[in-house]
Amino acid sequence: MKIYHLSTECYPVAKVGGLADVVGALPKYQNKIKDIDAKVVMPWYNKHYVQEHDFEIVFDGFIHQADRLLQVLILKEKKITLGFELYLVKIPGLLDRDNPYGYQDESFQFLAFQQGILHWMTAMKIRPDVLHCHDYHTGLVPFMIDNCPEFGFLKGVKTIATIHNGEYQGIMSWSMVNYLPAFEHHKWGLLDWNGNINPLACMIKCATAFSTVSEGYLEELFVSFRGLESLVRDEFSKAYGIINGIDNEVWNPETDSMLDFNYSIKDVHSIKAKNKAQLCKEYNLDPKLPLFAFIGRFAIEKGADLLPDVVWRSIKQSYGRLNIIVLGSGNTYLEEKLKELDTVYSNFALDIGYKEHLSHQIYASADFLLMPSRVEPCGLNQMYAMRYGTVPVVSYTGGLKDTVKDVSTGGSGINFTYPGVQDVIHAITRALGLYQQEQTMKDLIISNMKFDFAWEKSAQKYLTLYKM
Ligand code: ADP
Ligand code: GLC
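To start, this report covers the structure provided alongside it. Computed from a prediction, not measured in an experiment: that's the story for all the values here. (Residues numbered from 1 in each chain as written. Chains lettered and ligands numbered in written order. Predicted model: local features only at pLDDT ≥ 70, side-chain atom pairs only at ≥ 80, totals over all residues. Heavy atoms only, no water.)

If you look at the biggest cluster of nonpolar residues, it comprises 90 residues, and the most contacted ones within it are F292, V326, F348 and I362. Sort the elements by how many residues they give to this core and helix α14 (residues 421-436) lands first, with 8 residues. What I362 contacts, discounting residues up to four positions off in sequence, is L279, A293, I295, I325 and L327. Grouped together as the second largest cluster of nonpolar side chains are 42 residues, I63, I91, A112 and L154 included. (Core = buried A, V, L, I, M, F, W, Y, C linked by side-chain atoms within 4.5 Å. Buried < 20%, exposed > 50% of the residue type's maximum accessible area, 1.4 Å probe, protein only. Helix = DSSP H or I, 4+ residues; strand = E, 2+ residues; numbered from the N terminus. Contact = heavy atoms within 4.5 Å.)

The structure is reproduced here in structure tokens:
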């Protein structure tokens, strides 16, 4: 069975968030299943991975966007280094950039990505068994293969669509329609949602089946989906919730080369403390105090706007008996506010930016990981934290509620229902109480490290979807 994963991100080639981790791991684990051949197709980026690995051009062609002619190059990695064949789509002017997102013309960029892939497959007579589309950036693929005559060769190919984040839908005005490949015009309704072209809505309508990255998140979409609630209800019969796994080969404290000191269940208590001491030294924090961490995008959905109040209030209310470290970037107003606090409170450390190495160090050093998310389709941080013996303190939403149960019910972390400052502070107070109970905390760390978040189970679930 030939499966092509279509995605804008893939770890370690280009990563902005969890989408990359999933696309960098799922195909690798799928390829361990007999008769599965999973591959990844992503845009070309000006990134280290691309410069440092050997690629060959396997296709050179052209697509049209209205009267604009665009060259499409498909590059294939010569050796399989990631556990799957890797293809890059290069389109000078649109898909030859430093980063996946943040460009004014992203509608053109993602349209070209999808057209480029389908043009290549059609021209080279590559007919996959499954096209697995990730997020709205590839959301028009199911529509295009069934309704655009130029991709007729692919008509009927199974399409599985995974929604990693329904907050982003790629909405475009109908004035963009001329930039789409020609399609059977009476099918326009499939593209439309509330008077706009909506790639995410179109993906849900046209895919053979669609999945979300946790069951909890799927349930939430019925009541909160940025206007697509009724659509998900209508299409419920082909909706599935499949929780993400984690790549235990990358995220393993015993072998992780990004850590100062490696450890396992056997020596976690002594060695984790050494990592913590090292991190605290670097950021001028007292290693004897419990360390809370936040790692993530400074976005409303992550509850990052709560951080400034959470930082100063928790430090004040605990009389300085805790440390907080924040790694992330995004909203610039928030960045500035946190920078101010960094100069005032010695119990608070801030690192602005995207730093893969540091994130691993923090998972390995912190006692608690804070995730006050308002929306969390799955969330990987809480699973990484548990694997590294760090206790998650999370809001009760989406994938967080599926993966972290409260310690009061024998679970692995601390839940709070409402992502507001009061509730987060209350959860932190509970965590401080837990920290005082030395043996309970030690047992919790061990049982968290034993949790099985391996990809194998979810890879099997996707296989069932592909075979439907
Ligand atoms: P999302 O994809 O919504 O950002 P996830 O929890 O699924 O959230 O995944 C986030 C991923 O990105 C994790 O691997 C996390 O460690 C990583 N990450 C987020 N922010 C940073 C950062 N500033 N530096 C390094 N890694 C980060
Ligand atoms: C998205 C979601 C996150 C999820 C990730 C991988 O970025 O925000 O919750 O873990 O995709 O599926």
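Attention shifts here to helix α10 (residues 332-344). In this model α10 runs 19 Å from its N-terminal to its C-terminal C-alpha over 13 residues, within 8% of the 18 Å that 1.5 Å per residue would give. Taken residue by residue, α10 has L334, E335, L338 and L341 as its buried positions. Each buried residue of α10 sits inside an arc of 125° when the element is viewed along its axis, so together they form one side. Looking at α10, the residues exposed on the side facing more than 90 degrees away from the buried face are T332, Y333, E340, T343 and V344. Those residues of α10 that are buried lie in contact with β12 (291-298), α9 (307-317), β13 (323-330) and β14 (348-352). Taking the backbone nitrogen of Y333 as reference, a side-chain oxygen 3.0 Å away marks N331 as the first, capping residue of α10. (Expected span 1.5 Å × (residues − 1). Arc of directions from axis to C-beta. Polar contact = N/O pair within 3.5 Å; in protein donor to acceptor, adjacent residues only side chain to side chain.)

A few words now on the site of ligand 2. Ligand 2 sits among 13 residues. The nearest are H164, N244, E376, C378 and G379. H164 has a polar side-chain atom sitting 2.7 Å from an oxygen atom of ligand 2. Top element by residues in the shell around ligand 2 is helix α1 (residues 18-30). It accounts for 3 residues. Taken together, the residues of the shell around ligand 2 sort by class into 6 nonpolar, 5 polar and 2 charged. Looking at the shell around ligand 2, you find at least three residues from each of domain 1 (2-247 + 456-467) and domain 2 (268-449). (Near = heavy atom within 4 Å. Nonpolar A, V, L, I, M, F, W, Y, C, P; charged D, E, K, R; others polar. Domains from an automatic or database assignment.)

It is worth spelling out helix α8 (residues 268-283) at this point. With 16 residues, α8 extends 22 Å from end C-alpha to end C-alpha; this agrees with the ideal 22 Å at 1.5 Å per step. Listed in full, the buried residues belonging to α8 are V268, I271, K272, N275, K276, L279, C280 and Y283. On its buried face, α8 sits against β12, β13, β14, α11 (356-365), α14 and α15 (438-449). Of the residues one or two after α8, N284 is the one with positive phi, at around 60°.

Tallied over the entire structure, the rule returns 0 disulfides. Looking at the unpaired C202, the closest cysteine sulfur is the one in C206, lying at 4.0 Å. By relative accessible area, C202 is classed as buried at 0%. Accessibility expressed as a relative area gives 16% for C206, which makes it buried. (Disulfide = S-S within 2.5 Å.)

Taken together, 20 residues lie around ligand 1, and K15, G18, D21, R297 and K302 are the ones closest in. Contact between ligand 1 and K302: an oxygen atom at 2.7 Å from a side-chain N or O atom of the residue. Here an oxygen atom of ligand 1 sits 3.0 Å away from a polar atom, N or O, in the side chain of N381. Protein contacts shield 93% of the accessible area of ligand 1, which totals 560 Å² for the unbound molecule. For the shell around ligand 1, the elements supplying multiple residues, two or more each, are α1, β12, β13, α11 and α12 (381-387). Partitioned by chemical class, the residues of the shell around ligand 1 number 6 nonpolar, 8 polar and 6 charged. (Areas by Shrake-Rupley, 256 points an atom, 1.4 Å probe, with all protein chains shown as cover.)

Counted according to the given criterion, the structure contains 23 salt bridges. Between D351 and K355 there is a salt bridge, and its shortest N-O distance comes to 2.5 Å. Take D351: its relative accessible area is 12%, and that puts it in the buried class. A salt bridge links D406 to R430; its shortest N-O distance comes to 2.7 Å. One end of the pair, D406, is in the loop between α13 (398-403) and β17 (414-416); the other, R430, is in helix α14, and 24 residues separate them in sequence. Residue class for R430 comes out partly exposed when judged on its relative accessible area of 30%. (Salt bridge = Lys/Arg side-chain N within 4 Å of Asp/Glu carboxyl O.)

Going through the model one piece at a time under the given rule, you end up with 18 aromatic pairs. Between F143 and F183, the aromatic rings sit 5.4 Å apart at their centres with planes inclined by 70°, giving edge-to-face as the arrangement. Here F143 is found in helix α4 (residues 141-147), whereas its partner F183 is found in the loop between β7 (158-163) and β8 (192-193), with 40 residues between them in sequence. Connected via pairs of aromatic rings, a cluster forms that spans W251, Y363, Y384 and Y388. The ring of W44 has K90 sitting right over it, with the charged end atom 4.0 Å from the ring centre. (Phe/Tyr/Trp six-rings, centres within 6.5 Å; stacked < 30°, edge-to-face > 60°. Lys NZ or Arg CZ within 6 Å of the ring centre and 35° of its normal.)

It is worth spelling out the side chain of T212 at this point. By secondary structure assignment, the location of T212 is in strand β10 (residues 209-212). Classification of T212 as buried rests on a relative accessible area of 0%. Within the structure, the side chain of T212 is placed 2.9 Å from the backbone oxygen of S214, a separation counted as a polar contact. If near-sequence neighbours (up to four positions away) are discounted, T212 is found in contact with I163, Y217, L218, L221, Y240, G241 and I242.

These values are about where atoms sit, not about what they do.
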